[in-house]
Amino acid sequence: MTDVVRFCRSRSAGRRCTRPLGHAGLHRHRTIMWTDAGADPARCPGSGERGTPAATLADGFPDGRALCPVCHRFVELDGDSRLVPHDTSDDGEPDAEIRRRREWFNTLGW
């Protein structure tokens, strides 16, 4: 069993659904609700923005990737130091990546 809590990946106007992954019915963030048809596109609007490699933990994590200011995930940079195209979330993201990102934020902050 994993200790990582997985939440729904849907977003509306940048707000992330706060219901559990795989929930039935409408998406919700506080008092705002939306359907799948009204959700934001999966592609993160931070794609293509200029970025710099994030500070590293003692073991080198996040391995030269930049922190996306929109989705708060670590993303590779292209040859022009721009965030490569990416989605706001990844259903297949390993638990280890989520734990490491949490550790990074707890150690180095925002």
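The structure we're discussing is the one just above.
Residues numbered from 1 in each chain as written. Predicted model: local features only at pLDDT ≥ 70, side-chain atom pairs only at ≥ 80, totals over all residues. Heavy atoms only, no water.

Regarding the pattern of salt bridges
Next up, step 1: Under the defined criterion, the tally for this structure stands at 6 salt bridges.
Next up, step 2: Linking R100 and D59 is a salt bridge whose minimum nitrogen-to-oxygen distance equals 2.6 Å. In this pair, R100 sits in helix α1 (residues 95-108) while D59 sits in the loop between β4 (32-34) and β5 (66-67), placing the two residues 41 residues apart along the sequence.
Next up, step 3: Looking at R100, the relative accessible area reads 22%, which means it is partly exposed.
Next up, step 4: For R65, the salt bridge goes to E97, with nearest N and O atoms at 3.1 Å. Here R65 is found in the loop between β4 and β5, whereas its partner E97 is found in helix α1, with 32 residues between them in sequence. (Salt bridge = Lys/Arg side-chain N within 4 Å of Asp/Glu carboxyl O. Helix = DSSP H or I, 4+ residues; strand = E, 2+ residues; numbered from the N terminus. Buried < 20%, exposed > 50% of the residue type's maximum accessible area, 1.4 Å probe, protein only.)

Concerning α1
Next up, step 1: With 14 residues, α1 ought to run about 20 Å at 1.5 Å a step, and its terminal C-alpha atoms sit 20 Å apart, in line with that.
Next up, step 2: Considered for burial, the residues of α1 that qualify are E97, I98, R101, W104 and F105. Taken down its axis, α1 places every buried residue within 120° of arc, on the same side. Residues of α1 that are exposed and point more than 90 degrees away from the buried face comprise N106 and T107.
Next up, step 3: Remark: G109 follows α1 within two positions and exhibits a positive phi of approximately 75°. (Expected span 1.5 Å × (residues − 1). Arc of directions from axis to C-beta.)

Geometric descriptors of this kind do not, in isolation, establish any biological role.
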